[in-house]
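Each chain, letter by letter, is given below.
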Amino acid sequence: MQKIKKKLTSEQALKRLQNICSKQEKCIFDIKNKLFEWQIDSCQTEKIISTLIEQNFVNEERYTEFFVKDKLNINKWGKRKIEYILKHKQIHERHIKKAFQNIEHNDYKKIIEKEITKKHTSLALNQKNTSVRNKFILKNKILRFAESRGYEMEITLEILNKIVK
């Protein structure tokens, strides 16, 4: 049985979004999607977004800072993947650059090294012999893993060459 959705007024939508944004950081892209889902017309959408920005419920710079920290420290994503997602969410380039400037390079590199080492260990345990061909396959698998996480190739290769000899 499908539930029939009651159409929200713009005041109800604003209240709901204020409640959501007070609990969790949201960007304008997320807000627009939510308003579209609630079938709020575009004129009202712009007014609601302006109100949320004026009342500091929505702040793209703050959102970007939190997003980068979360995805780096919790999900262990690399800068390339984080940047791709933020660009998809239509976050301005200057916010992305500023958020990345707050990442300590050595800490970032340690996260990548730890993740690549874990992946290497798990793959190496499953590998029976250490022939040149198998080392090539192992490196290839780790490179694909690193690429899927959004790690930069230069950092990945530097770490990989230390680990796999």
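Before reading on, note that the structure itself is shown above.
This text gives an overview of the structure that appears in the document. (Residues numbered from 1 in each chain as written. Predicted model: local features only at pLDDT ≥ 70, side-chain atom pairs only at ≥ 80, totals over all residues. Heavy atoms only, no water.)

### Some remarks on the overall build of the protein
Going by this rule: Strands are runs of DSSP state E lasting at least two residues, helices are runs of H or I lasting at least four, and both sets are numbered from the N terminus onward. Here the globule rule is a power law, 2.2 Å times the number of residues to the power 0.38, and the radius of gyration is based on C-alpha atoms. The rule is simple: take the accessible area with a 1.4 Å probe, protein chains only, and divide by the maximum for that residue type; under 20% is buried, over 50% is exposed, in between is partly exposed. Residue contacts are defined here by distance: any two heavy atoms, one from each residue, within 4.5 Å place the two residues in contact. Using the Shrake-Rupley algorithm and a 1.4 Å probe, accessible areas are obtained, with residue cover drawn only from the displayed protein chains. Lys and Arg are tallied as positive, Asp and Glu as negative. Neither His nor the chain termini are counted. All charge positions are set by atom: Lys at NZ, Arg at CZ, Asp at CG, Glu at CD.
Along the protein, the regular secondary structure elements total nine helices and zero strands. Going from the N terminus to the C terminus, the protein shows its helices and strands as α-α-α-α-α-α-α-α-α. Taken against the 2.2 N^0.38 rule, which gives 15 Å for 165 residues, the C-alpha radius of gyration of the protein at 22 Å runs more than 25% over that of a compact globule. Dimensions along the principal axes, computed over C-alpha positions, put the protein at roughly 65 × 45 × 20 Å. A burial count over the protein gives 37% of its 165 residues as buried. If you take every contact in the protein between residues at least 6 apart in sequence, the share linking residues at least 24 apart comes to 65%. Summed over its atoms, the accessible surface of the protein is roughly 11100 Å², and 52% of this surface lies on carbon and sulfur atoms. With 37 positive and 21 negative side-chain charges, the protein shows a separation of 8 Å between the mean positions of the two kinds.

### Thoughts on the packing of aromatic side chains
Put simply, the rule is: Aromatic pairs are defined between Phe, Tyr and Trp rings, using the six-membered ring for Trp, whenever the two ring centres lie within 6.5 Å; interplanar angles under 30 degrees are classed as stacked, those over 60 as edge-to-face, and all others as tilted. Note on geometry: a ring has a charge over it if NZ (lysine) or CZ (arginine) is within 6 Å of the ring centre and within 35 degrees of the ring normal.
Tallied over the entire structure, the rule returns one aromatic pair. In this structure, Arg-16 packs its charged tip against the face of Trp-38, placed 5.6 Å from the ring centre. The side chain of Lys-79 reaches across the aromatic face of Phe-100, ending 5.9 Å from its centre.

### Looking at the packing of helix α4 (residues 60-73) against helix α5 (residues 79-88)
Inclusion rule: Note on geometry: axes are C-alpha line fits, over the in-contact stretch for helices, and angles between N-to-C directions span 0 to 180 degrees. Here a crossing is called left-handed whenever its near helix is offset anticlockwise from the far helix by less than a right angle, and right-handed whenever the offset is clockwise. Classification used: nonpolar for Ala, Val, Leu, Ile, Met, Phe, Trp, Tyr, Cys and Pro, charged for Asp, Glu, Lys and Arg, polar for all others including Gly.
Between α4 and α5, whose axes approach to 10 Å, the crossing angle comes to 145°. α4 and α5 meet at a crossing whose hand is right-handed. Residue-level inspection shows Tyr-63, Thr-64, Phe-67, Val-68, Lys-71 and Leu-72 of α4 in contact with α5, the latter providing Ile-82, Ile-85 and Leu-86. Its residues assigned to classes, the contact of α4 with α5 comprises seven nonpolar, one polar and one charged.

### Concerning the pattern of salt bridges
Just so we agree on the cut-off: By definition, a salt bridge exists where a carboxyl oxygen of Asp or Glu is found within 4 Å of a side-chain nitrogen of Lys or Arg.
Inspection of every chain in the model, using the stated rule, returns 10 salt bridges. Lys-98 is paired through a salt bridge with Glu-61; the nearest N and O atoms lie 2.4 Å apart. Of this pair, Lys-98 sits in helix α6 (residues 93-101) while Glu-61 sits in helix α4, and the two are 37 residues apart along the sequence. Among the residues examined, Lys-98 registers a relative accessible area of 40% and is labelled partly exposed. Relative accessible area serves as the criterion here: at 29%, Glu-61 is assigned to the partly exposed category. Salt bridges sharing partners connect three or more residues here, namely Glu-83, Lys-87 and Glu-93.

### A short note on the side chain of Lys-79
Mapped onto the elements of the fold, Lys-79 is located in helix α5. With no salt bridge to any partner, buried Lys-79 finds its closest opposite charge in Glu-152, at an N-O distance of 4.9 Å. Not counting the four nearest positions on each side in its chain, Lys-79 is found in contact with Phe-100, Ile-103, Tyr-108, Gly-150 and Glu-152.

### Observations regarding the packing of helix α1 (residues 10-23) against helix α2 (residues 28-37)
For clarity, the threshold we go by: The cut-offs work like this: below 35 degrees is roughly parallel, past 145 is roughly antiparallel, 65 to 115 is roughly perpendicular, and the gaps in between are oblique.
Contact pair α1 / α2: the axes reach a minimum separation of 11 Å and the direction vectors enclose 140°. The angle between the axes of α1 and α2 places the two elements in the oblique class. As α1 runs across α2, the sense of the crossing is right-handed. Judged by residue contacts, Ala-13, Leu-17 and Cys-21 of α1 engage Ile-31, Lys-34 and Leu-35 from α2. Within the contact of α1 with α2, the residues separate by chemical class into five nonpolar, no polar and one charged.

### Examining unusual backbone geometry
Here the phi dihedral of Lys-76 falls at roughly 60°; this positive angle occurs in a residue that is not glycine. Residue Lys-76 is classed as partly exposed on the basis of its relative accessible area, which comes to 23%. Non-glycine residue Gln-90 carries a positive phi angle of around 60°. Locating Gln-90 in the fold gives a position in the loop between α5 and α6.

Take it as geometry only, folks, not as evidence of what the structure does.
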